[in-house]
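Here are the chains, one letter per residue:
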Amino acid sequence: MKTTAAIVGTGEVPTGNFPDRTESEAAVTACRQAILDAGMSPRDIDAVMPIGVVVGSRHFNTDLIFSRLCEELGLLRSAKLNAQVMAGGASGSATLKVASALVTSGAVRNVLVVHSDKFGSTTMQQGIDLFATLGISEEWEAPYGHNANTAVALITQRYMHETGTTEEELASVAVALRQWGVLNPHAMFRTPITVEDVMRGDHVCTPLRPKTMSLWADGASAYIVARADDAPHITSTPVYVRGAASLVTHYSVSQEKNLAFLAFPEVAKQAYAQSGLSPKDIDVAELYDAYSVMPLLAMDALGLCEGERAGKFIAAGHTLPGGKMPMTTTGGAISQGHTAAGVGVSLMVEAARQLMGKAGERQVKDAVNAAESGSGGTWMDSHITILSREAR
Amino acid sequence: MSDQSISRPVPRPTAWSKPYWDAAREGRLVIQHCKQCSAKIMNPKQYCPVCLSDDLGWSESSGRGTVYSYSIQKRSAASPFVDKVPYVVAVVRLEEGVQMLSNIVGDGALSVQCGDAVRVAFEPVAGSDIALPVFEKVE
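Residues numbered from 1 in each chain as written. Chains lettered and ligands numbered in written order. Predicted model: local features only at pLDDT ≥ 70, side-chain atom pairs only at ≥ 80, totals over all residues.

**Q** I keep staring at the confidence of the model for chain B and nothing clicks. Help me out?
**A** In low-pLDDT regions, the fine details of the predicted coordinates are not to be read closely. Considering every residue of chain B, the mean pLDDT works out to 97; 100% of them sit at 70 or more. Here the predicted complex scores 0.97 on pTM and 0.98 on ipTM. (pLDDT = per-residue confidence, 0-100.)

**Q** Where do I start with the nonpolar core in this structure?
**A** Across soluble globular proteins, nonpolar side chains show a tendency to be buried alongside one another. Grouped together as the largest cluster of nonpolar side chains are 163 residues, with contacts concentrated most on A:Cys31, A:Val111 and A:Val225. The element best represented in this core is helix H14 (residues 343-356) of chain A, accounting for 9 residues. Each residue touching A:Val111, except ones within four places of it in the same chain, is listed here: A:Ala47, A:Met49, A:Ala99, A:Leu102, A:Val103, A:Ile224 and A:Val225. With 7 residues, the next largest nonpolar core counts A:Ile128, A:Ala132, B:Ala77 and B:Ala78 among its residues. (Core = buried A, V, L, I, M, F, W, Y, C linked by C-beta atoms within 7 Å. Buried ≥ 20, exposed ≤ 12 C-beta atoms within 10 Å, placed from the backbone. Helix = DSSP H or I, 4+ residues; strand = E, 2+ residues; numbered from the N terminus. Contact = placed C-beta atoms within 7 Å.)

**Q** Would you take a moment to explain the interface of chain A and chain B for this structure?
**A** Accessible area lost when the parts come together is the quantity often used to give the size of an interface. Taken together, the contacts link 30 residues of chain A with 35 residues of chain B. Secondary structure elements with two or more residues in the side of chain A that touches chain B: helix H5 (124-130) and helix H6 (148-163) of chain A. No other element matches the 6 residues that H6(A) contributes to the side of chain A that touches chain B. Of the residues belonging to the side of chain A that touches chain B, the class tally is 11 nonpolar, 13 polar and 6 charged. (Nonpolar A, V, L, I, M, F, W, Y, C, P; charged D, E, K, R; others polar.)

**Q** Hey, could you run me through the packing of helix H4 (residues 91-105) of chain A against H14(A) in this one?
**A** For any two helices packed against each other, one specifies the crossing angle of their axes together with the interaxial distance. Residues and elements named next belong to chain A. At their nearest, the axes of H4 and H14 sit 6 Å apart, and the two run at 65° to each other. Between H4 and H14, the interaxial angle falls into the category roughly perpendicular. Note on element contacts: H14 touches H4 through Gly344, Val345, Leu347 and Met348, opposite Ser91, Gly92, Ser93 and Leu96. By residue class, the composition of the contact of H4 with H14 is 4 nonpolar, 4 polar and no charged. (Axes fitted to C-alpha atoms, helices over the stretch in contact; angles between N-to-C directions. Parallel < 35°, antiparallel > 145°, perpendicular 65-115°, else oblique.)

Below, the structure is given as structure tokens:
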């Protein structure tokens, strides 16, 4: 497929617990950085797509819908569109699809995508109680004590059953992510951990141990999408959207027909076909985690493990800094922090930063092509995006 | 600290799910189907998700199935379930080919494995007239 859209700028504020930083100031800061990074002026932005708040204030969510960012950023009478796309954790991937279609159609020229949420002040029990309702069917699931953790535990258990992946291998995912977190100044957790550290934590719900899960954080990130033929005139480091494939597979996780892999095998195949690229072309993989099993599904589907299962490949250290297939170089939600719908946005930002050569200490040398994955709700959908420094 | 203000979630039957819960109260597990295209429907729905027909009926399940996947909640449960741990959440594949979320209860529940054979049982929810279909391991 001919390339029609590109990411031309990114912005991000540190992720963590910042009780005094409002969602709005974090959003405006991330947007400003993205506009400056692209070398644009505010008047160049003619569409803003703010992603919905899951945990922070409803008031701020309404501000997003009612154009507050357009006013703060000087976009009044240049923005033709201010509208929200919300796909939970898949929002980064889903909004890129929508923004790419908008610029390709000619409806708008440059789309600013932004997410900001405040999750860090939530207590553990408040978070658990909230996620025993979000994405959980009131009638068919909640009465059984089901929640977001058991939802991913069901996927993890089935994945282990079908692939022979071990708990130690799952622990090694968290260890590898932490090594990237060490290098990420925006990450919440920056002290190295070992497989033994992870295995010492008692199960929350089998087979999940605390360090294979993520902790809630405050954060904001933004990226700008432009038409592919405009992109090289905007920035010297355009990142082209070469493939973006996705499929919605369930609402109730109990209705998922392929609990071990969801739709990642199908969408990875589609994304490769769209991009004209193959597994050997991928230099860096920014795979959605939130829990340690999720990058494994995407990595297996993308065929990035040299014929091995992802768990074995990661346990052997191949996804670490300096490894053959650097994976989730922010440290993911597990090390950078879980910002609700923002996890996927920060991964898209990181994928673009890597290909722009702006990833600082985490920079993967000569990275040309990146694969990104996402999933939202209780893993309702599977997204694969392929980005490249080269247009097709 | 668990939040005492959150009460245990109890299914609230809708116009289209009422026959399911009525049957469960009588100790029967029923599966919804479409009378137009004969699709089997789980979880029960307003319309057939294949042909959108509203001409739906019910048939009795054998109540037998296998465990597709499971998780044992050991701690950090949602507030209404804090005193129930450890408990087993599972996806059961019924013989009729549909899947449902449930609990595995009874002897050997905590040693459940993927592929284990199970059969339905019914557990009354205290303070309501609902009986939840749950599953027990079959030796």
